Amino acid sequence: MKRLLIGFIAIAATMAFMTPSYAAVGKFHDGPYTSSTSDSGTCGNDWALDLYARRFTANLPANGDGTYTVLERFTKGHFSTFAGQSPGACETGTHGATVKEGITGLFHGSFTIIVTNGTFDANGSCVKTDGQCTTAGWVEGFFGAGATYDVPKFHFVYTASGQGLILTQWVNADTGNTGDIANA
């Protein structure tokens, strides 16, 4: 019996060293990080101040080409507009042109991030700028200072109602923009 128990312990110890850790395979989740930033529209002007929470999910291990795919979700988003050109004012086919100051609404969205030139570190931490965790700060903190990234896919939906608006939803996406948040 004693020999059998020692055998099971030896097998269990060997398997423990062979089992990949949570950080090596699967999904690594981090956040939320409360953030705020100005938001630019299709004309290049800042049309709103955004307040939201960032959440990151890294898919592990690395892709076959050595890159990593990370999904950054923007949740609990709120915006308040600046007076000027509406977010979709310079988009072909959009009917809006301007938005008044102080229009409020909600938004949510995501970035698909491809990280290159880095190695994932589950013990990393976001490198904050002005007290906030940004996309660049998160990539640097979890993949190293030499890591670079691209955002090939993004999708955001902004909505507001009432407040004298003639257009109440704007979709800003890599596949194209539609609608607007506009008073005139």
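One can find the structure itself at the top, above this paragraph.
Residues take numbers from 1 onward in each chain, read along the sequence in its written order. Per-residue local features are limited, in this predicted model, to residues with pLDDT of at least 70; the limit for side-chain atom pairs, both in listing and counting, is 80 or more; totals at the level of whole chains, interfaces and linings are taken over all residues. Note that the side-chain values use all heavy atoms of the structure and ignore hydrogens as well as water.

### Focus on the environment of Glu 72
Put simply, the test is: Numbered from the N terminus, helices here are DSSP runs of H or I no shorter than four residues, and strands are runs of E no shorter than two. Buried residues are those whose accessible area, probed at 1.4 Å on protein chains only, stays under 20% of the maximum for their type, while exposed residues exceed 50% and partly exposed ones sit between those limits. In this analysis, two residues are considered to be in contact whenever any of their non-hydrogen atoms come within 4.5 Å of each other. Pairs of N or O atoms within 3.5 Å make up the polar contacts considered here, provided that, within protein, one atom can donate a hydrogen while the other can accept it, and that residues adjacent in sequence are counted only when both atoms are side-chain atoms.
You can see Glu 72 is positioned in strand β3 (residues 68–81). A residue is classified by how much of its surface remains accessible, and Glu 72, at 0% relative accessible area, is buried. Through-space distance from the C-alpha of Glu 72 to that of Asp 30 is 9.6 Å; in sequence the pair is 42 residues apart. Sequence-distant contacts of Glu 72, defined by excluding residues within four places in its chain, comprise Arg 54, Arg 55, Phe 56, Gly 109, Ser 110, Phe 111, Ile 113 and Thr 135. Here Thr 135 takes part through its side chain, which lies 2.6 Å from a polar atom of the side chain of Glu 72.

### Digging into unusual backbone geometry
Geometrically, the link from Gly 31 to Pro 32 is a cis peptide bond, its omega value of 10° lying close to zero. Following Leu 60, the chain continues to Pro 61 via a peptide bond in cis, the omega torsion being 5°. A positive phi angle, close to 60°, is found at Asn 117, a residue other than glycine. Its place among the elements puts Asn 117 in the loop between β6 (104–116) and β7 (128–129). Relative accessible area serves as the criterion here: at 58%, Asn 117 is assigned to the exposed category. Of note in this structure, Asp 130 is not a glycine but carries a positive phi near 50°. Relative to the helices and strands, Asp 130 resides in the loop between β7 and β8 (132–133). On the accessibility criterion, Asp 130 (76% relative accessible area) is exposed.

Shape is all these values report; function is a separate question.
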